[in-house]
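Topology and contacts: notes
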Amino acid sequence: MKAFQLLRFGDALVQREWELPALTGTQLLVQVLAAGVCHTDLHVKEGSFDIGDGHSLHFASRGLQLPKVLGHEVVAKVVAVGTDAPSTLVGTTALIYPWIGCGNCPACSAGRENLCATPAFLGTWRDGGYATHMVVPHWRYLVDIGDVDVEKAAPMACSGLTMYSAIKKLGSRILESPVLIIGAGGLGLMGVAIIRALGGAGVVIADIDQCKLDAAEAAGAMATLNVGVDGWRSRAATIFPTGVASVIDCVGNTATSAVAFELVGKGGNIVLVGLFGGKSAWPLPLIALKAVTIQGSYVGNLGELHELMALVRSGAVKSDFVTQFPLGKVNSVLEELAKGRIVGRAVLTPDCC
Ligand SMILES: [Zn+2]
Ligand SMILES: [Zn+2]
């Protein structure tokens, strides 16, 4: 098999080759058909998250050991199974749920493996899908994609699931008034598609990149807000004459958290999913005075991925913003993503076997 490994934090991924692994127990060997490229991979590659004031949260200090194969948005075909897994699975094509936990803690027992304190996430803590093959520990992590294209199904494991879980946290509010999504990257466009599929009242997308805002409009956003140009506040007031009830911040930096807090109205909700980095300086009395709910949301659980894929299989989620690249281009795609030059979602497909 071939795979692109992160050998050292900060370095480019290195292509390596080794024998297909022997399987044990419930393990499955899958052949990767499509692997989405996520902004989180940049953080893993660099080895840390910026948590503001010059401080960082390092993967190494949390026990992440290299080398690792990144890539957590994977659609793959089962090609071999361990002795305790049903052989009928061979030939099955599925989306892989990557947010695997320890399996024993209260979070895992409650079906929230994504919140496990000792994660075993595929593509971070265990080898992922920037490869021809990968090992999945159990068939419970296979999610049916029906006849959805593999390139469109792959991003559902992270960007789709992240947005679905964040949108669920807003409950029926999405039916009552438009949601403001900050960040018109892969996550933001996915948010537009999912809110539309759920019959929401619409999405307004804010960004500072007009090219990405145009893509958001093409993806079905009802309006866009360029917060990098003068006059954006008055435009926001025109779009939201009674204030913003719901904000999803897909960027998560100092500037976007300030925009989210400034625009959210009384009794409003802010859901933070972006991991860009930094700190916010929200005026504390205003959190109470505006009765704002600020909530974090991190990827999503396996049950939510099944719900999302049912919606995707129904054809309701129009995610026509995926661009395909050969697996061999993974480093240049990551570089382009870091420079903010990827519009929509980049998905790698095998080119070397
Ligand atoms: Zn991701
Ligand atoms: Zn756990």
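About the criteria used
- Residues numbered from 1 in each chain as written.
- Chains lettered and ligands numbered in written order.
- Predicted model: local features only at pLDDT ≥ 70, side-chain atom pairs only at ≥ 80, totals over all residues.
- Helix = DSSP H or I, 4+ residues; strand = E, 2+ residues; numbered from the N terminus.
- Rg over C-alpha atoms; globule rule 2.2 N^0.38 Å.
- Pairing = 2+ DSSP bridges.
- Right-handed = clockwise from strand over helix to strand, strands pointing away.
- Axes fitted to C-alpha atoms, helices over the stretch in contact; angles between N-to-C directions.
- Parallel < 35°, antiparallel > 145°, perpendicular 65-115°, else oblique.
- Contact = placed C-beta atoms within 7 Å.
- Nonpolar A, V, L, I, M, F, W, Y, C, P; charged D, E, K, R; others polar.
- Buried ≥ 20, exposed ≤ 12 C-beta atoms within 10 Å, placed from the backbone.
- Domains from an automatic or database assignment.
- Expected span 1.5 Å × (residues − 1).
- Arc of directions from axis to C-beta.

1. Here's the deal with the overall build of the protein
Looking only at helices and strands, the protein has 12 helices and 18 strands in total. Its C-alpha atoms give the protein a radius of gyration of 20 Å, near enough to 20 Å, the size a compact globule of 353 residues would have. Taken along the three principal axes of its C-alpha coordinates, the protein extends 60 × 45 × 40 Å.

2. Notes on the pairing of strand E17 (residues 322-326)
With five bridges connecting them, E17 and strand E18 (residues 345-349) associate as parallel partners. Directly across from threonine 323, in E18, lies its bridge partner alanine 346. Regarding topology, helix H12 (residues 330-338) serves as the crossover connection from E17 to the parallel E18, and that connection is right-handed.

3. Re the packing of helix H4 (residues 159-169) against helix H11 (residues 302-313)
Geometrically, a packed helix pair is captured by the angle between its two axes and the distance between the axes. Their axes nearest at 10 Å, the elements H4 and H11 cross at an angle of 100°. By the criterion of interaxial angle, the relationship of H4 to H11 is roughly perpendicular. Contacts from Gly160, Leu161, Tyr164, Ser165 and Lys168 of H4 reach H11 at Glu304, Leu305 and Leu308. For the contact of H4 with H11, the class distribution of residues is four nonpolar, two polar and two charged.

4. Comments concerning helix H1 (residues 39-46)
What H1 keeps buried is the set His39, Thr40, Asp41 and Val44. Phi turns positive, to about 95°, at glycine 47, one or two residues after H1.

5. What to know about the pairing of strand E8 (residues 93-96)
Inspection of the sheet shows strand E7 (residues 73-81) paired to E8 by three bridges, in the antiparallel sense. Note that in E8 the partner of lysine 77 across the bridge is threonine 93.

6. Regarding the sheet that holds strand E6 (residues 68-69)
The strand order across the open sheet formed by three strands is E2-E1-E6, and the pairing between neighbours is antiparallel. The strands lining the two open edges of the sheet, one partner per strand, are strand E2 (14-17) and E6. Across two bridges, the pairing between strand E1 (residues 2-6) and E6 is antiparallel. Bridged to leucine 6 within E6 is lysine 68.

7. A word on the environment of alanine 219
Within the secondary structure layout, alanine 219 lies in the loop between helix H7 (210-218) and strand E13 (223-226). What makes alanine 219 buried here is the crowd of 22 C-beta atoms within 10 Å. For the pair alanine 219 and methionine 1, spaced 218 residues apart in sequence, the C-alpha to C-alpha distance is 37 Å. For alanine 219, the contacting residues outside a window of four places in its chain are Leu189, Val192, Ala193 and Phe321.

8. Things to note about the domain arrangement of the protein
You can read the domains of the protein as domain 1 (2-156 + 300-349) and domain 2 (160-296). The C-alpha-based centres of domain 1 and domain 2 are spaced at 26 Å. With 23 residues of domain 1 in contact, the opposing surface of domain 2 contributes 23 residues. Secondary structure elements with two or more residues in the side of domain 1 that touches domain 2: H1, strand E4 (48-52) and H11. Residue classes in the side of domain 1 that touches domain 2 are distributed as 11 nonpolar, seven polar and five charged.

9. Details of the environment of leucine 175
By the element assignment, leucine 175 lies in helix H5 (residues 173-176). The exposure class assigned to leucine 175 is exposed, which follows from the 12 C-beta atoms found within 10 Å. The sequence separation of leucine 175 and leucine 198 amounts to 23 residues, and the corresponding C-alpha distance is 8.4 Å. Residue contacts for leucine 175: discarding those within four places in its chain leaves Gly199, Gly200 and Ala201.

10. As for H11
Compared with an ideal rise of 1.5 Å per residue, which puts 12 residues at 16 Å, H11 spans 16 Å between its outermost C-alpha atoms and is within 8% of the ideal. Considered for burial, the residues of H11 that qualify are Glu304, Leu305, Leu308, Met309 and Val312. Seen along its axis, H11 keeps its buried residues to an arc of 135°; they face one direction. Next to the buried residues of H11 lie E8, strand E10 (142-144), helix H3 (150-153) and H4. Just downstream of H11 lies glycine 315, where phi reads positive at about 90°.

11. Focus: the sheet that holds strand E16 (residues 293-296)
What the six strands build is an open sheet, ordered E13-E12-E11-E14-E15-E16; its pairing is parallel. Each edge of the open sheet carries a strand with a single partner, namely E13 and E16. Here the strands of the sheet are splayed against their neighbours by 20° on average, with no regard to which way each runs. Relative to E13, strand E12 (residues 203-207) runs parallel, the two sharing four bridges. Bridge assignment links valine 204 to a residue of E13, and that residue is alanine 223. Along the sheet face, H7 touches E12 and E13 and points at about 170° away from the line of E13. Of the strands in this sheet, strand E11 (179-182), E12, strand E14 (244-249) and strand E15 (264-272) touch helix H9 (residues 254-263), which is tilted by about 170° from E14.

12. Notes on the environment of glutamate 73
Within the secondary structure, glutamate 73 is located in strand E7. Considering only alpha carbons, one finds glutamate 73 and valine 37, 36 residues apart in sequence, at a separation of 7.2 Å. Other than its neighbours up to four places away in sequence, glutamate 73 contacts Ala35, Gly36, Cys38, Ala154, Pro155, Ala157 and Cys158.

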